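Given next are the chains, with one letter for each unit.
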Amino acid sequence: MQPDLLDRAQTAHALQQFRRHSPLVHCMTNDVVQTFTANVLLALGASPAMVIDRDEAQQFSAIADALLINVGTLTRERADAMLAAAESANAAGKPWTLDPVAVGVLSFRTQFCQQLLALHPAAIRGNASEILALAGVSAGGRGVDTTDTASNALPAAQALARQTGAVVAVTGEVDYITDGSRTLMVTGGDVLMTRVVGTGCALSAVVAASCALQGDRLANVAAACAWLGLAGSLAVANSNGPGSFTPAFLDALYTLGGEDSL
Ligand SMILES: Nc1ncnc2c1ncn2[C@@H]1O[C@H](COP(=O)(O)OP(=O)(O)OP(=O)(O)O)[C@@H](O)[C@H]1O
Ligand SMILES: Cc1ncsc1CCO
Ligand SMILES: [Mg+2]
C-alpha cells in the first residue's frame, strides 16, 4: 500500500496541541546529545528532564507525561535504570519511546533492545539500519550511522510495528511512519542534518513527547517528524554549515508555525 503524505493542517494542529500541553518529557538518552535534546524540546515548548538514577528514573517516569529511552551510550547500570523506568511508565499508563541507536552492531545493546520490545514501546524511532536490525532483517549500520535508505527499511518498519504494537518511524531522506497497517510519509529536511550529531536523537525525544498528545498517535508521531524536517529545511536556508545550522535549527523550531512556515 502506498504511504500517504501527512497534511499541513494536521501538522499545524498537532504543533498547537504540543505547545498548549507542553509535555513533561523524561529523557534517558546518550551522553553525546543531552543538551541538544533538551534545547530542541524547549524550543518547541516541551519541558525536558534528564533523570538517570535507577530509583529516581522509576519514580519520575510515573510522573512525567512521556519517557524516552535512547541506548546510544548504554552501560549495564543504565540498562537496569531504563528497564525500571519503562516498567514504571507502563504501570502508570505513560507512553515510552525507544531510540535503538546502533542496534545490531553491538551484542549487548542488541539483546537489551530486544528485551525492551517486550515492554510495549508506544513508538520506535530509528534510522534505516537500526529499524532493519531491530526487525531482524539485517545486522546494523556503520556505528551509529545508517548504511541503508528509509524506503528500503519500510517493510521492516511495518513488520516491526505489527510485531510490537508500536508506531515505528524510520527516518532519512524521506521519513516513514507506520503502525503496520497505515503508513504516512514526511518529506523535508536536508542531508546537512546528518552532519550535526543528534538530530535523530532529538527527533526521538520529540516523538516521545508527541505520544503524550490526545488523538491519533500515528499522525502525532508523523507531525513530530514534519516539524523537525521543516525546521531543518529553514535552518539550512539560513546557515553555512554544521556550526551555524545548530542555532538556526533551534530558532526555526521556536518560530515554527508563524508567518506561514507551516
Ligand atoms: N538525506 C536527508 N535528506 C533530508 N533529511 C534527512 C536526510 N537524512 C536525514 N534527514 C533528517 O535528519 C533527521 C535525523 O534523521 P536520521 O535518520 O539521520 O537519524 P539518526 O541517524 O538516528 O541521527 P543521530 O543518530 O545522529 O541522532 C530526520 O529529521 C531526518 O528526516
Ligand atoms: C555519536 C554517538 N555515539 C554514541 S550515541 C551518539 C549520538 C548519535 O546517535
Ligand atoms: Mg540515531
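Our subject is the structure listed above.
Just so we're clear, the structure is a prediction, and the values are computed from it rather than from any experiment. One numbering rule holds for all chains: residues counted from 1, following each sequence as written. Each chain is given a letter, starting from A, and each ligand a number, starting from 1, according to the order in which they appear as written. Two thresholds apply to this predicted model, a pLDDT of at least 70 for residue-level local features and 80 or more for giving and counting side-chain atom pairs, whereas whole-chain, interface and lining totals are computed over all residues. Processing note: side-chain calculations cover all non-hydrogen atoms of the structure and skip hydrogens and water entirely.

Draft legend 1. Here's a closer look at the packing of helix 8 (residues 199-210) against helix 9 (residues 217-237). Packing of helix 8 against helix 9 leaves a shortest axis separation of 9 Å and a crossing angle of 145°. Along this stretch, helix 8 crosses helix 9, giving a crossing that reads as right-handed. Listed contacts from helix 9 to Thr 199, Ala 202, Leu 203, Val 206, Val 207 and Ser 210 of helix 8 are Asn 220, Val 221, Ala 224, Cys 225, Trp 227 and Leu 228. Under the scheme applied, nonpolar residues are Ala, Val, Leu, Ile, Met, Phe, Trp, Tyr, Cys and Pro; charged residues are Asp, Glu, Lys and Arg; polar residues are all the others, including Gly. Of the residues that constitute the contact of helix 8 with helix 9, the class distribution is 9 nonpolar, 3 polar and no charged. Lines fitted to C-alpha atoms define the axes, with helix axes restricted to the stretch in contact, and inter-axis angles between N-to-C directions lie between 0 and 180 degrees. Note on conventions: DSSP H or I runs of at least 4 residues are helices, E runs of at least 2 residues are strands, and numbering of each starts at the N terminus. Less than a right angle of anticlockwise turn of the near helix away from the far helix marks a crossing as left-handed, whereas a clockwise turn marks it as right-handed. Every residue pair with non-hydrogen atoms within 4.5 Å of one another is taken to be in contact.

Draft legend 2. Broad picture of the pattern of salt bridges. Any carboxyl oxygen of Asp or Glu that lies within 4 Å of a side-chain nitrogen of Lys or Arg is treated as forming a salt bridge with it. Here the structure, examined in full by the defined rule, presents 5 salt bridges. Salt-bridge contacts for Arg 182 lead to Asp 179; the nearest nitrogen and oxygen are separated by 3.5 Å. Burial classification: accessible surface area is computed with a 1.4 Å probe over protein chains only, and a residue below 20% of its type maximum counts as buried, one above 50% as exposed, and the rest as partly exposed. Classification of Asp 179 by relative accessible area gives partly exposed; the value is 26%. Its salt-bridge partner being Arg 182, residue Asp 216 comes within 3.1 Å of it at the nearest N-O pair. Highlighted residues: Asp 216 in the loop between helix 8 and helix 9 and Arg 182 in the loop between strand 8 (175-178) and strand 9 (183-186), separated in sequence by 34 residues. Judged by relative accessible area, which is 40%, Arg 182 ranks as partly exposed. Taken together, the shared-partner salt bridges in this structure form one network comprising Asp 179, Arg 182 and Asp 216.

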